Amino acid sequence: GNSVTQMEGPVTLSEEAFLTINCTYTATGYPSLFWYVQYPGEGLQLLLKATKADDKGSNKGFEATYRKETTSFHLEKGSVQVSDSAVYFCALSSDSNYQLIWGAGTKLIIKP
Amino acid sequence: GAVVSQHPSWVICKSGTSVKIECRSLDFQATTMFWYRQFPKQSLMLMATSNEGSKATYEQGVEKDKFLINHASLTLSTLTVTSAHPEDSSFYICSAREGMGFPNYEQYFGPGTRLTVT
């Protein structure tokens, strides 16, 4: 079945460091891929998405590229801020029923 | 746009009582709503999917008699935890989707409801 695997956290970085959170997936067909963010005390928000191979999703300085050959959708940001501290979830939506399949989430802690 | 609200944001109840959580889509009509449960430091677990006007579809292992879901209108779904017990304490999150086909399949999430059963 479909599944999403993302790196375990917490990931702790200093402000202005480069961020990578790995996400790989297993799916049949041509899923859409998503990154959601959950800030402390808030609900889930869609951060970015990509709907087909080689698409790059980007938002708020974050980006991720849909790599079908490596079945990956790694999240990157060139210079993180303290305000980026949150839990990040990678997810996929199959093209058959559009239900979301979630990764376990990665807690990101940015220290000033 | 695409705002989903949940009420209450947190609730404490005694063991054996029932609790109702509301999920509303404020600025769009949600043909489908989802209910998730999130355990501490874990991912979201889909509990059920509900389509307006029809019975909810529950995921395997979720007790439909314990977690009653009603999706009576295109803007409101409710989750009732019946005869709650301490192990039902969790963070419950709803999401709503406007349509099925591309590009309306995106889910919009409510802020969640923290349930504590004492």
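The rules we used
Residues numbered from 1 in each chain as written. Chains lettered and ligands numbered in written order. Predicted model: local features only at pLDDT ≥ 70, side-chain atom pairs only at ≥ 80, totals over all residues. Heavy atoms only, no water. Core = buried A, V, L, I, M, F, W, Y, C linked by side-chain atoms within 4.5 Å. Buried < 20%, exposed > 50% of the residue type's maximum accessible area, 1.4 Å probe, protein only. Helix = DSSP H or I, 4+ residues; strand = E, 2+ residues; numbered from the N terminus. Contact = heavy atoms within 4.5 Å. Salt bridge = Lys/Arg side-chain N within 4 Å of Asp/Glu carboxyl O. Pairing = 2+ DSSP bridges. Axes fitted to C-alpha atoms, helices over the stretch in contact; angles between N-to-C directions.

Colleague: Would you mind showing me how to read the nonpolar core here?
Modeller: Nonpolar side chains in soluble globular proteins tend to end up buried together. If you look at the biggest cluster of nonpolar residues, it comprises 26 residues, and the most contacted ones within it are L19(A), W35(A), L47(A), L48(A), F73(A), L75(A) and Y88(A). Among the secondary structure elements, those contributing two or more residues to this core are β2 (11-14), β3 (19-21), β4 (23-26), β5 (32-38), β6 (44-50), β8 (62-65), β10 (86-93) and β12 (106-111) of chain A. The contacts of L47(A), once residues within four sequence positions are left out, are W35(A), Y36(A), V37(A), N59(A), K60(A), F62(A), L75(A) and Y88(A). A30(B), W35(B), A56(B) and V81(B) belong to the second largest nonpolar core, which has 25 residues in total.

Colleague: How do you make sense of the pattern of salt bridges when you look at a structure like this?
Modeller: Oppositely charged side chains may form a pair once their charged atoms are brought near each other. Applying the stated criterion across every chain, the model contains five salt bridges over all chains. Put simply, K52(A) and D55(A) hold a salt bridge, and the shortest N to O gap is 3.4 Å. Between R24(B) and E22(B) there is a salt bridge, and its shortest N-O distance comes to 3.4 Å. For R24(B), a relative accessible area of 34% puts it in the partly exposed group. Residue classification places E22(B) among the partly exposed positions, given a relative accessible area of 24%.

Colleague: Could you clarify how one ought to interpret the sheet that holds strand β9 (residues 75-77) of chain A in this entry?
Modeller: Strands belonging to one sheet form pairs held by backbone hydrogen bonds; the direction of such a pair is parallel or antiparallel. Residues and elements named next belong to chain A. Taken in spatial order, the four strands line up as β3-β9-β8-β7 in an open sheet, and their pairing is antiparallel. Both outer strands of the open sheet, β3 and β7 (56-59), are each paired with one neighbouring strand and no more. Neighbour-to-neighbour, the strand axes of the sheet open up by a mean angle of 20 degrees, direction not taken into account.

Colleague: Please clarify how the sheet that holds strand β1 (residues 4-7) of chain B should be interpreted in this entry.
Modeller: All names here are of chain B. Reading across from one edge, β1-β3-β8-β7 is the order of the four strands in this open sheet, with antiparallel pairing throughout. In this open sheet, the two edge strands, each paired with only one partner strand, are β1 and β7 (67-73). The sheet shows a mean angle of 15 degrees between the axes of neighbouring strands, taken without regard to direction. Examined bridge by bridge, strand β3 (residues 19-25) and strand β8 (residues 76-81) share six bridges and lie antiparallel to one another. Counterpart to C23 in the pairing with β8 is S77.

These figures come from the coordinates and say nothing about function on their own.
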